[in-house]
There are 2 protein chains.
Amino acid sequence: MSYHIITISREFGSGGRFIGEKVANRLGFSYYDKEIIAKVAEQTGLAKDYIEKMGEYAPTKSLFSYLLAGRDNSGQSMEDYVLAAQRKIILTLADKEPCVIVGRCADYILRDREDCLNVFIYGNEKEKSERIQKLYEKSPEDAIKLMAETDKKRSLNYNYYTNRTWGDVKNYSLALNSSVLGYEKCIEIITGLINS
Amino acid sequence: MSYHIITISREFGSGGRFIGEKVANRLGFSYYDKEIIAKVAEQTGLAKDYIEKMGEYAPTKSLFSYLLAGRDNSGQSMEDYVLAAQRKIILTLADKEPCVIVGRCADYILRDREDCLNVFIYGNEKEKSERIQKLYEKSPEDAIKLMAETDKKRSLNYNYYTNRTWGDVKNYSLALNSSVLGYEKCIEIITGLINS
């Protein structure tokens, strides 16, 4: 199979973003992560910070409070508006050139494309917590809290918009435990699937 | 990391057993599947057919009816007895020589060994159903029914004896969708992790 797109879904602290960037570099693929936020901001006229939160973390509160949130005349909430713009940009980018896309429900948005390899990167609590402590200068307690909160938000967002379960192997072509295998092995496995 | 043991957990029809056998052949590892049943039968004096069902599929009915099943004076049910014998044999085999072990909660039984690579092989409904139709000469309807029933039993058995969730990535070093990647790629990825 010849893959033109790689989507990376990842647990917080698992190094999924790092792995995705390295894979893109080695394959000469475009790498889309923050670029998507910039493009959505440009298209919607909204602040980048707001887009970043909405794009992966909405609904930020409970589903109930989310349903009570403000909507415009068409019944569309601001979150729906941002997600619709993001979806359109991901579809356009995927059409343009071979690329790696990190997060943002890209595996679901591109589900009809057969040339899309969907990867889930996860890890063990100990290794993920250590990475978060180091990268974000957090105490062990704060790292564990941040990890749980971030993954909870990602999971809520994904489940709400896709009607699937975040982290369920069914959504992915493969799932790699970066704590057990190491980042380099994860990069090699993914690039090996594209180059063959 | 130098791995001496590979455990393969798999969805019915995903080709996990086939992949495990090929991996063992290429690596020169011992391959344990039916051999475990024979050894448990020898040790317990029970019939192989019975062992096969108990070893991967108990509790075969609901948890409630399982709890009501016959127990000896020590409070141990026949299923517990078979599982305890199976556990001991898996621990002994793993100590003996490099090997591939398919099913039978081996990933859980060997969880304290760091030289154990735990793989989950899964697949898409269409490809798994086609394989079952071909291998077991089943109609499409019967194949889908058999697939659901077998995985349900494996899942019940695993969850009951390990207190974990069967198919949850957390239990494995990696999970591969054999329908998307193909059997050969799955074999290459696993052997590649051992040979490096």
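Report follows, based on the coordinates. (Residues numbered from 1 in each chain as written. Chains lettered and ligands numbered in written order. Predicted model: local features only at pLDDT ≥ 70, side-chain atom pairs only at ≥ 80, totals over all residues. Heavy atoms only, no water.)

## Comments concerning the relation of the copies chain A and chain B
And then number 1: With an axial shift of 0.0 Å and an RMSD of 0.0 Å, the rotation relating chain A to chain B amounts to 180°. The two molecules are tied by a two-fold rotation axis, judged by turn and shift. Across chain A, the smallest distance between a C-alpha and the rotation axis is recorded for A:A175, namely 2.5 Å.
And then number 2: Take the interface residues of chain A: 100% of them recur as interface residues in chain B, which is what a same-surface contact looks like. (Least-squares fit on C-alpha atoms with pLDDT ≥ 70 in both. Contact = heavy atoms within 4.5 Å.)

## Quick look at the pairing of strand 4 (residues 116-122) of chain B
Moving residue by residue along a regular strand, the side chains alternate between the two faces of the sheet.
Residues and elements named next belong to chain B.
And then number 1: Judged by how many residues are buried, strand 4 sits mostly within the fold: seven of seven residues are covered.
And then number 2: By the alternation rule, side chains of strand 4 split into C116, N118, F120 and Y122 and L117, V119 and I121, which are all buried.
And then number 3: As paired strands, strand 1 (residues 5-10) and strand 4 are joined by six bridges and run parallel to one another. Bridge assignment links I8 to a residue of strand 4, and that residue is V119.
And then number 4: With four bridges connecting them, strand 4 and strand 5 (residues 174-177) associate as parallel partners. The partner of Y122 across the bridge, within strand 5, is N177. (Buried < 20%, exposed > 50% of the residue type's maximum accessible area, 1.4 Å probe, protein only. Helix = DSSP H or I, 4+ residues; strand = E, 2+ residues; numbered from the N terminus. Pairing = 2+ DSSP bridges.)

## Section: the pattern of salt bridges
And then number 1: This model, assessed by the stated rule, comprises 24 salt bridges over all chains.
And then number 2: Salt-bridge contacts for A:E125 lead to B:K170; the nearest nitrogen and oxygen are separated by 3.9 Å. With one member in each of two chains, A:E125 in helix 7 (residues 125-136) and B:K170 in the loop between helix 8 (140-162) and strand 5 form a pair that bridges those chains.
And then number 3: On the basis of relative accessible area, B:K170 is assigned to the partly exposed category, the value being 39%.
And then number 4: Notably, a salt bridge pairs A:E130 with A:K126, separated by 3.4 Å at the nearest N-O pair. Pair noted here: A:E130 and A:K126 are both in helix 7, with a separation of four residues, about one helical turn. (Salt bridge = Lys/Arg side-chain N within 4 Å of Asp/Glu carboxyl O.)

## Here we look at the interface of chain A and chain B
And then number 1: In this assembly, 24 residues from chain A lie in contact with 24 residues from chain B.
And then number 2: Counting each side, the surface lost to burial between chain A and chain B is near 1,700 Å², with a carbon and sulfur contribution of 58%.
And then number 3: Looking only at chain A, the three residues that lose the most surface to chain B are A:Y122, A:V169 and A:K170, adding up to 29% of its buried area.
And then number 4: Between chain A and chain B we count eleven residue pairs in polar contact (both at pLDDT 80 or more) in total.
And then number 5: Partitioning the side of chain A that touches chain B into residue classes produces 13 nonpolar, six polar and five charged.
And then number 6: Of the pairings in the sheet, the one linking strand 5 (residues 174-177) of chain A to strand 5 of chain B comprises three bridges and is antiparallel in character. When the bridges of strand 5 of chain B are listed, A:A175 appears paired with B:A175. (Buried area = accessible area lost by both parts, 1.4 Å probe. Polar contact = N/O pair within 3.5 Å; in protein donor to acceptor, adjacent residues only side chain to side chain. Nonpolar A, V, L, I, M, F, W, Y, C, P; charged D, E, K, R; others polar.)

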